Amino acid sequence: MKLKKGDNIKVTKGKDKGKTGKIGKVLPKVGKVLVANVNLFKRHMKARSQNQPSEIITLTKPLAESNVVFVCPKCKKESWIGYKIEKGVKSRVCRKCDSEI
């Protein structure tokens, strides 16, 4: 997975198409990412005791990696991520402007 925590992304598919945000958590085993205030769902929580009332909470569900695209911090364009190896050091590179991420 080429996306990392803290990367800026834009949603390309689904109900939140066009929204942007920062990645809060990456789930590489399932190929998903969590983005704050994107892909929100309401869920009813049942009362567990008489002291705690039932309530409706808002959850952030993970988005599939294929439904988001990376936004370069330098050129501010949607781009792919490439890799460059110089002197044995591997670094991520924006494919549009060739700047290091």
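Bear in mind the structure is a predicted one, so any value in this text is a computation, not a measurement.

A. Examining the overall build of the protein more closely. For the protein, the count of helices and strands is 0 helices and 10 strands. Along the protein, helices (α) and strands (β) appear in the sequence β-β-β-β-β-β-β-β-β-β when read from the amino end. For the protein, the C-alpha radius of gyration of 18 Å lies well beyond 13 Å, the compact-globule estimate for 101 residues. Dimensions of the protein along its principal axes, counting C-alpha atoms only, are 65 × 30 × 20 Å.

B. Quick look at the pairing of strand β10 (residues 89-94). Note: strand β9 (residues 81-86) against β10, 6 bridges, orientation antiparallel. Considered in β10, the bridge of Ile 85 is made with Lys 90. Counted along the chain from β9 to the antiparallel partner β10, the turn is 2 residues long, and its residue Lys 87 has a positive phi close to 55°.

C. Fine view of the nonpolar core. Membership of the largest hydrophobic core comes to 13 residues, with the highest contact counts inside it found for Leu 3, Ile 9, Val 11, Val 33, Val 35, Leu 63 and Val 68. If you list the elements that add at least two residues to this core, you get β1 (8-11), β3 (32-35) and β7 (68-71). Among residues more than four places away in sequence, those in contact with Val 11 are Asp 16, Lys 17, Gly 18, Lys 19, Val 38, Leu 63, Asn 67 and Val 68.

D. Broad picture of the environment of Gln 50. Note that Gln 50 resides in the loop between β4 (40-45) and β5 (55-60). C-alpha separation for the pair Gln 50 and Lys 61, spaced 11 residues apart in sequence, amounts to 29 Å.

E. Molecular detail of the pairing of β3. Alternating residues of β3 divide into Val 33 and Val 35, all buried, and Lys 32 and Leu 34, none buried. Examined bridge by bridge, strand β2 (residues 20-27) and β3 share 4 bridges and lie antiparallel to one another. The residue bridging Leu 27 from the neighbouring strand is Lys 32, located in β3. Hairpin connection of β2 to β3: 4 residues between the antiparallel strands, including Gly 31 at a positive phi of 70°. As paired elements, β3 and strand β6 (residues 63-64) share 2 bridges and run antiparallel to each other.

Rules of the game
Residues numbered from 1 in each chain as written. Predicted model: local features only at pLDDT ≥ 70, side-chain atom pairs only at ≥ 80, totals over all residues. Heavy atoms only, no water. Helix = DSSP H or I, 4+ residues; strand = E, 2+ residues; numbered from the N terminus. Rg over C-alpha atoms; globule rule 2.2 N^0.38 Å. Pairing = 2+ DSSP bridges. Core = buried A, V, L, I, M, F, W, Y, C linked by side-chain atoms within 4.5 Å. Buried < 20%, exposed > 50% of the residue type's maximum accessible area, 1.4 Å probe, protein only. Contact = heavy atoms within 4.5 Å.

Taken by themselves, the reported measurements are silent on function.
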